[in-house]
Every structure is written in C-alpha cells, then in structure tokens.
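Structural characterization, general
The chain contents come next:
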Amino acid sequence: MAIRLSGMNSGLDTDSIVKALVSGYTTKKEKYEKAQTKLGWKQESWKSLNTKVYSLYSNISNLRFSSAYNLKKTSVSDMTKATVTASSTAPNGTQSLKIKETAKAGSLTGAQINASSSKTTLAQLGYTGGDAQINVNTGGTTKTITLSATSTMSDVEKQLKEAGLNASYDSNYKRFYISSKDTGVENDFTLTGANAAGASALYKLGIAVGASADGTRPNPYGEYAGLSGKNNGSTKKPHSRI
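A brief report on the enclosed structure follows. Just so we're clear, the structure is a prediction, and the values are computed from it rather than from any experiment.

1. Points about the overall build of the protein
- Of regular secondary structure, the protein possesses four helices and seven strands.
- When the helices and strands of the protein are placed in sequence order, the string is α-α-β-β-β-α-β-β-β-α-β.
- The long-range share in the protein, meaning contacts at least 24 apart out of those at least 6 apart in sequence, stands at 59%.
- On the protein, roughly 16900 Å² of surface is accessible, and the fraction owed to carbon and sulfur atoms is 52%.

Written as structure tokens, this is what we have:
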C-alpha cells in the first residue's frame, strides 16, 4: 500500500520545491517569447526598408525619360473657382480664364396655398384622395414618397428631405421652397405623381408648375421639369453651368 507524506509530516516545503522546478521552464519560455518579439520587430523594419527601396527604384527609373525633366508648374489665383494642370509641352506664360456663370442648384418656389401653419393637413387643403405616391427624381435616382390626407406640411417637408432635397415650408408666405442639394444640371430634380392621387396632392401643395392658390390643375399629372408656372403659381428655375 502506497504511503503519501505531506510537507507537514515530512518536514519538507513542497510548494517551494515545485516552484523552483517550474521556474527553469518559465525562464526559458520568457526567453523565447522575447526572441520572437524581437524577430517580429526586425521583420517589420525590413518590410519598411524594402518598401522605401522599391519606391526609390521606381522613381529613379522614371529619370530615363525626358518628361521627368520637363515638368511645368501652374498656379491659379482663386482655387475655389478652377484648378489647372500643365503638361510638359505647355507653353510658358500667363493665361486668363473668364467664368461667365457658375453652376446653380435647381429650385422650386411653390404656389401660395391656404395653410396657415406647418401643422395644416392635406385634408384641410381640400385633398380627399387616398395614398398619394410622388416620385422624387434627383440626379437620375428616383425615390417614391407616400402622403395621405392626414399628412401635415411638416410631414411633406420631412419626406422631401429624406428623398434627397432641401425643402422648407414658410407659414408666413404660405408656400414651399424646394431645391436640389447639389449644383449643376446633372443634379436637377423633378416631382411627378406616381398615381392620380399623387398628382392631385402636388397641386394641392402648390408644388406642381402651373398650380394655383385654389389647388386646381391644368393637366392630370404634375411633371414640371423645365416648365414655367402661371401667375401666382409655382415656378421651377433652370440651371446654369460654367
């Protein structure tokens, strides 16, 4: 029968003996870990050096061509209006650039409507249809918003913003002001009725070209791109480019 003696019975400090035996392996482990870390640092340094040497080699190889020695430098008096680059064959001298007109954002000033506050609903404007679907096309991308008789002017403003436009309703002048977020013809916008209810809502809101204060509409759908409004009606301003 095996007999086990504890440190208390044998008089030996077994805990210290075990720690002393293990410490040798711990020291070796720490040594290898430090060596591995040092090797990783060396690899990173060599990698960085190789990248710099390759970059230097690539740049030096371009010196074989005459174009590397014939570079021209340009400057512009107003960098906010235009940027200019010059090739190696560009003639020396001072050039003038005349900007006739800068690009503008498309905008729409709505017709005056009978909405005394931003909480006025479409129903209060005389809209009696169901779900009004309106296509908002900005920069060639179309998003559809849906309004109802309970939608307020604030709701309309919010949905137009979410569709990618700048929109606000002025309760003092009782009309919408809408514009594209970016300038240029390529960022122009249109609002069209995706269904008959949507076309009706556009006229009730005064944001279809030709819409009048009483919300009447001369045609069944409200596409207004490039058109001009009637008296007291909404108007769409065209763009201009440089």
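2. Examining the sheet that holds strand β6 (residues 189-193)
- Taking strand neighbours across the sheet as the criterion, the three strands line up as β3-β2-β6 in an open arrangement whose pairing is antiparallel. Looking at which strands have only one partner, the edges of the open sheet turn out to be β3 (141-147) and β6. Strand-to-strand twist across the sheet, computed as the mean angle between neighbouring axes with direction ignored, equals 20°.
- In the sheet, strand β2 (residues 132-138) pairs with β3 via seven bridges, with the strands oriented antiparallel. Residue pairing in the sheet places I134 in a bridge with I145 of β3.
- Lying over the sheet, helix α3 (residues 153-162) contacts β2, β3 and β6, oriented at roughly 160° with respect to β3.
- The strands touched by helix α4 (residues 196-204) are β2 and β6; relative to β2, the strand with the most contacts, the crossing angle is about 75°.

3. A closer look at the nonpolar core
- Within the largest apolar cluster, 29 residues are counted, with the highest numbers of intra-cluster contacts made by M153, L160, F176, I178, L191, L205 and I207.
- Elements represented by at least two residues in this core include exactly β2, β3, α3, β4 (165-170), β5 (175-180), β6 and α4.
- Residue contributions to this core peak at four residues, all from α4.

4. What to know about the packing of aromatic side chains
- For the structure shown, the criterion picks out one aromatic pair.
- For the pair Y169 and F176, a centre-to-centre distance of 4.9 Å together with 55° between the ring planes defines the contact as tilted. Taken individually, Y169 and F176 each receive the classification buried, so the pair is uniform in this respect.

5. Re the layout of surface pockets
- Within this model, the largest pocket holds a volume of roughly 520 Å³.
- As for the largest pocket, its lining consists of 20 residues, and the residues nearest its centre are T74, S75, V84, G93 and Q95.
- Looking at the lining of the largest pocket, its residues break down into eight nonpolar, eight polar and four charged.

6. Details of the environment of A163
- With respect to the helices and strands, A163 occurs in the loop between α3 and β4.
- Taking the C-alpha atoms as reference points, A163 and N137, 26 residues apart in sequence, are found 8.5 Å from one another.
- Apart from residues no more than four positions distant in its own chain, A163 is found in contact with V136, T138, K143 and I145.

7. Let's talk about the pairing of β4
- Burial along β4 is one-sided: the residues L165, A167 and Y169 are buried and none of N166, S168 and D170 is.
- Sheet topology places β4 next to β5; six bridges connect them, and they run antiparallel. Bridge assignment links L165 to a residue of β5, and that residue is S180.
- Where β4 folds back on β5, the antiparallel hairpin that results is connected by four residues, among which K174 adopts a positive phi of roughly 55°.

8. Points about α4
- In terms of residue burial, α4 counts as a mostly covered element, since eight of its nine residues are buried.
- Those residues of α4 not exposed but buried are A197, G198, A199, S200, A201, L202, Y203 and K204.
- Of the surrounding elements, those touching the buried residues of α4 are β2 and β6.
- Following α4 by one or two positions, G206 has its phi on the positive side, about 75°.

9. Some details on the pairing of β6
- Across the five residues that make up β6, a large majority, five, are buried.
- Residues F189, L191 and G193 point to one face of β6 and T190 and T192 to the other, with burial holding for every one of them.
- Across five bridges, β2 lies against β6 in antiparallel orientation. Each residue of the ladder has a partner; that of V136, found in β6, is L191.

What counts and how
Residues numbered from 1 in each chain as written. Predicted model: local features only at pLDDT ≥ 70, side-chain atom pairs only at ≥ 80, totals over all residues. Heavy atoms only, no water. Helix = DSSP H or I, 4+ residues; strand = E, 2+ residues; numbered from the N terminus. Contact = heavy atoms within 4.5 Å. Areas by Shrake-Rupley, 256 points an atom, 1.4 Å probe, with all protein chains shown as cover. Pairing = 2+ DSSP bridges. Axes fitted to C-alpha atoms, helices over the stretch in contact; angles between N-to-C directions. Core = buried A, V, L, I, M, F, W, Y, C linked by side-chain atoms within 4.5 Å. Buried < 20%, exposed > 50% of the residue type's maximum accessible area, 1.4 Å probe, protein only. Phe/Tyr/Trp six-rings, centres within 6.5 Å; stacked < 30°, edge-to-face > 60°. 1 Å grid on protein atoms, 1.4 Å probe; cavity = no way out; pocket = protein on both sides within 12 Å on 5 of 7 lines; lining within 4 Å. Points joined across faces, edges and corners; volume = space filled by probe spheres on them. Nonpolar A, V, L, I, M, F, W, Y, C, P; charged D, E, K, R; others polar.

Any functional reading would require information beyond the geometric quantities listed.
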